[in-house]
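The primary structure of each chain is shown beneath.
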Amino acid sequence: MKLITFPRTAAGRVHSSHWGSFVVERKGDDLLIQPNPSDPAPSSLLRNLSGLASHRARIAQPMVRRGWLERGPGPDERRGRDDFVPMAWDEALDLAAGELKRVRSRFGAEAIYGGSYGWSSAGRFHHAQSQVHRFLNCVGGYTASVNSYSAGASHVILPHVCAPLAQFRSAVTWTDVAEHTELIVAFGGMAGRNSAVGPGGVGRHVVAETLEAVRRRGGRFVLVSPLRNDFPEALTSSWLCVRPASDTALMLGIAHTLVTEAIHDREFLDRCCVGYTQFETYLLGKSDACPKSAEWASRITGIAAEEIQKLARHMAGSRTLITVSHSLQRAQYGEQPVWMGLVLACMLGQIGIPGAGFAYSLGAPCNVGKRPPVVGLPPLPQGRNAVRSYIPVARIADMLLRPGEEYDYNGQRLIFPKIHLVYWAGGNPFHHHQDLNRLRQAFGRPDTIIVHEPFWTSTVLHADIVFPCTLTLERNDLGGSSEDNYVTAMHRVLEPYAESKDDFEIFSELADRLGVRDQFTEGLSADQWIQSLYTSLFKQLSSPGCMPPTFDEFWNAGELELPTHDGFAKQLMQFRVDPTSAALKTPSGKLEISSETIRGFSYPDCPGHPAWLEPDEWLGSPLATRFALQLIANQPGPRLHSQLDFGKNSIESKIDGREVMRIHPSAAVARRISDGDLVKVFNDRGAFLAVARFCEAMHVAVVQVATGAWYDPVDIPGSGDRICVNGNPNTVTRDVGTSRLAQGCTGQLCLVEVERFQGVPPRGRGYERPQSND
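Residues numbered from 1 in each chain as written. Predicted model: local features only at pLDDT ≥ 70, side-chain atom pairs only at ≥ 80, totals over all residues. Heavy atoms only, no water.

Asks: Looking at this structure, how should I read the packing of aromatic side chains?
Replies: Aromatic ring pairs are defined here through the distance separating the ring centres and the angle between the ring planes. The final tally for this structure, using the stated rule, is 31 aromatic pairs. Taking 6.1 Å as the distance between ring centres and 20° as the angle between the ring planes, the aromatic pair formed by Phe 125 and Trp 529 counts as stacked. Here Phe 125, found in the loop between strand S7 (112–115) and helix H3 (128–138), pairs with Trp 529, found in helix H21 (residues 526–541); they are 404 residues apart in sequence, far enough to count as distant. Relative accessible area serves as the criterion here: at 1%, Phe 125 is assigned to the buried category. Judged by its relative accessible area of 4%, Trp 529 is buried. Both rings, one in Tyr 534 and one in Phe 554, keep their centres 4.9 Å apart while their planes meet at 15°; by these two values the pair is stacked. Of this pair, Tyr 534 sits in helix H21 while Phe 554 sits in helix H22 (residues 551–557), and the two are 20 residues apart along the sequence. Overall, Tyr 534 belongs to the buried group, its relative accessible area being 2%. Taking relative accessible area as the criterion, Phe 554 reaches 0% and is therefore assigned buried. Residue placement shows Lys 292 over the ring face of Tyr 282; its charged tip is 3.9 Å from the ring centre. (Phe/Tyr/Trp six-rings, centres within 6.5 Å; stacked < 30°, edge-to-face > 60°. Helix = DSSP H or I, 4+ residues; strand = E, 2+ residues; numbered from the N terminus. Buried < 20%, exposed > 50% of the residue type's maximum accessible area, 1.4 Å probe, protein only. Lys NZ or Arg CZ within 6 Å of the ring centre and 35° of its normal.)

Here it is in structure tokens:
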């Protein structure tokens, strides 16, 4: 445990974000940002903070949608097209409190959906998701969501076959990788943009220096991805330009080679795993007359059979770490590559060997793979939710559009509840959800939508009551994560913009109107709560002869380094030695190559062992005759999700204010598209505009557009088209679950076509407050 004092001037303030800690000083109307000097690779995303304090996108006071104000609560397709009426705080709070009372008394608390996502702030007290859930629990509960858009499939599959996702994040540590790993085979890559961010903050960015340490020792790296920039180019020893969505087939081809050449570890499989015999029957084609050989895999993946066999031998002869990225499971049947990656590591017999085995989403977010702290910063207590109904988070549009319908999830038969009120704080579903035209329809169904938001995002445009909330720089907080061993003081730098209030103050006022203020606040102010959370950490760290710094000492210094432990990596080492006494929390206590539990669900889209299942939208499907390009809608580099899309770093990545679409020159020439052309990207679900940029370092039938551009749909006169002019790829992505097992997000891949845009390029509202379309 170590107290670290940030070097700074008298006017400098320590703060933190999801992309790193920093010192900030106000200089007139702008901010001077200095990264943490101890961070070996600070993120360029800090540049997005410049100029945000009083940006024109800020919401100055409470707003109420005109249609809701004039006609009252109820379904309304005008959401997203209506204008807003400014309102005093007391009036807006009274309206919101009254609507919460009405819905709860008439329909029950299950009719309230507590929609929020956890990326709005690195601060643990002013964590919007925790705040809204605590508040709703105080007033009777709410329909909740489970899992995440990033790892929806993995959240569900991993506990069945190995361990819960939270535990699995330290299955392999960067410390062991730096010292021991000889070969990294990165399915889906390990893109630097993903290792720049982490929920709760980033004390130190260590991915780049760790990979460089492996290289200096002579370690090798194999990238398996249709995009060359999914792994640092200077490190990559080999790039397998795989056809998108075919990674599971490639892994099966590798596994078949291991078996037929007898270079798999049968002793480890017999001792530490269950279900291998059933899987091998499928692998060798004994159950379906189709051996999953390297030649078979080559026809699906586009990788030569000789390359597949060569890689299998290299993996068997090295201390090999197999990684599978988030991106691979954000697709139809996304459970399969995660499960198959684990199975491949089991067949190599390298689970539990330092620096080897299997790591899911290593380095994405950046704290995955770090040695975890012995004690994490306590979160804000949320209380107990009295409502039992919930949905997998990516099924929100299904819930709103199909109330009362049954659906499958993880062995259960659930029913979508009827939602009358949506309360959203700390997220932008019109960024992270798929098929945004469908989501627009869904957001027309509830009686009322209440949103807390600092900026005029598209989510705000689809709300009825809008409360302007503060930015992290406008309040004190504590930055920290259960996966990072640094806690950072987050000093307030700016006064709240215009009439903005923090979420805690807004909920306190609503709780007062609903008679639960004391229950919600527990008699504490925001600053007292922050000190209380630190006090909890202080007590957990205290031991005879070891006294942590007081709150004042920590607050003045700026950062506290926490002691760490070996995490799940140590348990896997113990499990490898004695799988009985160090049993896993799977049904069998062992690694599950085949799962009798999953087999018992009888899901055709997630069988009892990993398998190649042909997706509906991939380059080998019949739909590819109409839409011949595979869109990869991946995470952005110049911003975190859609946050600060107007920030300096983000704006500089655009061309004429629009997102860039990377396309292979061969695909572009075939469509008479030139480098720099404005293009329309489309399928049957929708369309968006982007600027074409040629790139040879990608699969010839792939186009790539990062997510995060603010959704801004505009009607094109005379065409009947409604196009997102900013370039949000979720306008065309597919809103279906990964499978009946996990019902995760499938937003990474879809089929599209691209053409040059003809006519006068349309403009949307930009980042301005919207005007009525009537």
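That covers the picture; the talk isn't over yet.
Asks: Can you help me understand the sheet that holds strand S11 (residues 238–240) in this one?
Replies: Within a sheet, each strand pairs with its neighbour through backbone hydrogen bonds, oriented either parallel or antiparallel. Ordered by their spatial adjacency, five strands build an open sheet running S11-S10-S9-S13-S14, and the pairing between neighbours is parallel. Of all the strands in the sheet, the pair left with one neighbour each is S11 and strand S14 (357–360). Sheet twist, expressed as the average angle between the axes of neighbouring strands with direction ignored, equals 20°. Bridge count between strand S9 (residues 183–187) and strand S10 (residues 220–224): five bridges; the pairing is parallel. Residue Ile 184 lies in a different strand from S10, and its bridge partner there is Phe 221. (Pairing = 2+ DSSP bridges. Axes fitted to C-alpha atoms, helices over the stretch in contact; angles between N-to-C directions.)

Asks: In this structure, what is going on with H21? I would like to understand it.
Replies: One turn of the α-helix equals 3.6 residues, which is why residues spaced by three or four share an orientation. Relative to the 22 Å expected for 16 residues at 1.5 Å per residue, H21 spans 23 Å between its end C-alpha atoms, a close match to the ideal helical length. All of the buried residues along H21 are Ala 526, Trp 529, Ile 530, Leu 533, Tyr 534, Leu 537 and Leu 541. Along H21, the residues classed as buried sweep out an arc of 135° about the axis, all on the same side. (Expected span 1.5 Å × (residues − 1). Arc of directions from axis to C-beta.)

Asks: Just checking my understanding: could you explain the pairing of strand S21 (residues 477–481) for this structure?
Replies: Side-chain direction in a regular strand flips from residue to residue, so the side chains alternate between the two faces of the sheet. Burial of S21 is extensive: five of the five residues sit out of reach of the surface. Of the two faces of S21, the one holding Asp 477, Gly 479 and Ser 481 and the one holding Leu 478 and Gly 480 are both buried throughout. Strand direction decides the pairing type here: S21 and strand S22 (residues 484–490), joined by four bridges, are antiparallel. Within the sheet, the bridge partner assigned to Gly 479 lies in S22 and is Thr 488. Adjacent in sequence and paired antiparallel, S21 and S22 are bridged by two residues.

Asks: Could you clarify how one ought to interpret the pattern of salt bridges in this entry?
Replies: Two side chains carrying opposite charge are able to pair once their charged atoms lie near each other. Applying the stated criterion to the full structure yields 56 salt bridges. The residue Arg 395 makes a salt bridge to Asp 398 at a minimum N-O spacing of 2.7 Å. The same class applies to Arg 395 as to Asp 398, namely buried. Among the ionic pairs, Arg 639 bridges to Glu 659, the shortest N-O distance being 3.2 Å. Here Arg 639, found in the loop between strand S25 (629–632) and helix H25 (648–652), pairs with Glu 659, found in the loop between H25 and strand S26 (660–663); they are 20 residues apart in sequence, far enough to count as distant. (Salt bridge = Lys/Arg side-chain N within 4 Å of Asp/Glu carboxyl O.)

Asks: In this structure, what is going on with helix H4 (residues 152–161)? I would like to understand it.
Replies: Where burial is concerned, most of H4 is hidden: eight out of the ten residues are buried. Looking at H4, one finds that the buried residues are Gly 152, Ala 153, Ser 154, Val 156, Ile 157, Leu 158, His 160 and Val 161.

Asks: Explain the environment of Glu 99 to me, please; I cannot follow it from the model alone.
Replies: With respect to the helices, strands and loops of the structure, Glu 99 is situated in helix H2 (residues 89–107). C-alpha of Glu 99 to C-alpha of Leu 421: the two residues are 322 residues apart in sequence and 8.3 Å apart in space. Setting aside residues no more than four positions away along its own chain, Glu 99 makes contact with Trp 68, Pro 73, Leu 421, Asp 447 and Thr 448. Here Arg 102 takes part through its side chain, which lies 2.7 Å from a polar atom of the side chain of Glu 99. (Contact = heavy atoms within 4.5 Å. Polar contact = N/O pair within 3.5 Å; in protein donor to acceptor, adjacent residues only side chain to side chain.)

Asks: For this particular structure, what's the right way to read the side chain of Lys 370?
Replies: With respect to the helices and strands, the residue Lys 370 is situated in the loop between S14 and strand S15 (390–392). Among the polar contacts made by the side chain of Lys 370, one reaches the main-chain carbonyl oxygen of Arg 204 at a distance of 2.7 Å. Here the side chain of Lys 370 touches Asp 484 through a polar contact of 2.9 Å, side chain to side chain.

Asks: What exactly am I supposed to notice about the nonpolar core here?
Replies: Soluble globular proteins: nonpolar side chains tend toward being buried together. Residues Phe 187, Phe 279, Met 347, Phe 358, Ile 396, Leu 591 and Met 661 are the most contacted members of the largest nonpolar core, which totals 153 residues. A per-element tally of this core places helix H14 (residues 335–348) first, with ten residues. Not counting chain neighbours up to four residues away, the residues in contact with Phe 187 comprise Val 224, Asp 247, Leu 250, Met 251, Ile 254, Ile 322, Thr 323, Val 324, Ser 325 and Leu 328. If you look at the next biggest cluster of nonpolar residues, it comprises 54 residues, including Val 64, Ala 96, Ile 506 and Ala 526. (Core = buried A, V, L, I, M, F, W, Y, C linked by side-chain atoms within 4.5 Å.)

Asks: When you look at the sheet that holds strand S18 (residues 421–425) in this model, what are you seeing that I'm missing?
Replies: Taking strand neighbours across the sheet as the criterion, the six strands line up as S6-S5-S20-S19-S18-S7 in an open arrangement whose pairing is mixed. The open sheet has two free edges, formed respectively by strand S6 (84–86) and S7, since each of these has just one partner strand. On average, adjacent strands in this sheet sit at an angle of 15° to one another, irrespective of strand direction. Summarising the sheet, S18 and strand S19 (residues 448–452) pair through five bridges and their orientation is parallel. Across the sheet, Tyr 423 pairs through a bridge with Ile 450, a residue of S19. Strands strand S5 (63–65), S7, S18, S19 and strand S20 (465–467) of the sheet are contacted by H2, whose axis makes an angle of about 125° with S20.

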